[in-house]
Amino acid sequence: MASIWRYLLAGLGLAALLVGILAVVFLTAPRSSLPAGPDVSRTKNTANALFVASFAPERGVVRQGELQSWLLTLKTKAGVPVEGAAIAISGGMPLHSHGLPTSPQATDYLGDGRYRIEGVKFTMSGWWQLHFAISATAGSDTVLFSVVL
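Residues numbered from 1 in each chain as written. Predicted model: local features only at pLDDT ≥ 70, side-chain atom pairs only at ≥ 80, totals over all residues. Heavy atoms only, no water.

Participant: How do you make sense of the pattern of salt bridges when you look at a structure like this?
Facilitator: Note that side chains of opposite charge can pair when their charged atoms are close. Enumeration according to the criterion identifies five salt bridges in this entry. The partner of D108 in a salt bridge is R116, with the nearest N and O atoms 2.9 Å apart. One salt-bridge network, in which partners are shared between bridges, spans E58, D108 and R116. (Salt bridge = Lys/Arg side-chain N within 4 Å of Asp/Glu carboxyl O.)

Participant: What is the right way to read the packing of aromatic side chains from this model?
Facilitator: Geometry of an aromatic ring pair is reported as the spacing of the ring centres plus the angle between the planes. The full count for this structure, using the stated rule, is seven aromatic pairs. The interplanar angle of 20° and the centroid separation of 4.5 Å between the aromatic rings of F55 and W70 together place this pair among those described as stacked. With F55 in strand β2 (residues 51–57) and W70 in strand β3 (residues 68–76), this pair connects stretches of sequence that are 15 residues apart. A residue is classified by how much of its surface remains accessible, and W70, at 0% relative accessible area, is buried. (Phe/Tyr/Trp six-rings, centres within 6.5 Å; stacked < 30°, edge-to-face > 60°. Helix = DSSP H or I, 4+ residues; strand = E, 2+ residues; numbered from the N terminus. Buried < 20%, exposed > 50% of the residue type's maximum accessible area, 1.4 Å probe, protein only.)

Participant: I'm lost on the sheet that holds strand β7 (residues 114–120) in this one. Help?
Facilitator: Read across the open sheet, the five strands follow the order β1-β2-β3-β7-β6; overall the sheet is antiparallel. Unpaired on one side and paired on the other, β1 (43–45) and β6 (105–111) mark the two borders of the sheet. Looking at each pair of strands side by side, their axes are set apart by 25° on average, direction ignored. One ladder, built from five bridges, connects β3 with β7; its direction is antiparallel. Opposite L72, over in β7, you have Y115 as the bridge partner. (Pairing = 2+ DSSP bridges. Axes fitted to C-alpha atoms, helices over the stretch in contact; angles between N-to-C directions.)

Participant: Would you mind showing me how to read the pairing of strand β9 (residues 139–148) here?
Facilitator: Remember that side chains alternate between the two faces of the sheet whenever the strand is regular. Of the pairings in the sheet, the one linking strand β8 (residues 127–136) to β9 comprises ten bridges and is antiparallel in character. Residue W127 lies in a different strand from β9, and its bridge partner there is V148. Linkage of β8 to β9, two consecutive antiparallel strands, is achieved through a turn of two residues.

Participant: What is the right way to read the confidence of the model for the protein from this model?
Facilitator: The predicted coordinates should not be examined in detail at positions where pLDDT is low. The predicted model of the protein averages 88 in pLDDT, with 82% of residues at 70 or higher. Element-level mean pLDDT values for the protein span from 67 in helix α1 (residues 2–28) up to 98 in β7. (pLDDT = per-residue confidence, 0-100.)

Participant: Whenever I open this one, the sheet that holds β9 confuses me. Can you help?
Facilitator: The strands that make up a sheet are held in pairs by hydrogen bonds between backbone atoms, and each pair lies either parallel or antiparallel. Read across the open sheet, the four strands follow the order β5-β4-β8-β9; overall the sheet is antiparallel. Each edge of the open sheet carries a strand with a single partner, namely β5 (98–99) and β9.

Participant: What should I look at first to understand unusual backbone geometry in this one?
Facilitator: Keep in mind that most residues, glycine aside, have a negative phi and that most peptide bonds are trans. The backbone of S97 sits at a positive phi, close to 55°, despite the residue not being glycine. Following the sequence through the fold, S97 ends up in the loop between β4 (86–93) and β5. Residue S97 is classed as exposed on the basis of its relative accessible area, which comes to 68%.

What follows is the structure, encoded as structure tokens:
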């Protein structure tokens, strides 16, 4: 009977040692430097914090393979709509190293800081980026939005 207890205690000690080793390995393992994924926020500060920009599909749904319009809303940090902005748009798929299949343009100012962006088309699923260069009375700034299909 004493030998069974001896084997049982040895097994428990070995199991505790194994759990300790695994804990040390897990806690000291280097963390991945890769981001968790693209930032798909629809509202963000511009790069130099001159404006707060929001970007959303005009019809509320992102569609693959269709030409669509989006709304870019620009406000100052104080919440005042940005009027009369000149907006240039570029972008593409960073993981595929290609640009947009179309040339989106800011076509209409709709009031209250809202600009219609026409000619947006996502031809395939994946991570897309749209880069906006904005020039207005307050200055020039940029903002980058990611869209994942």
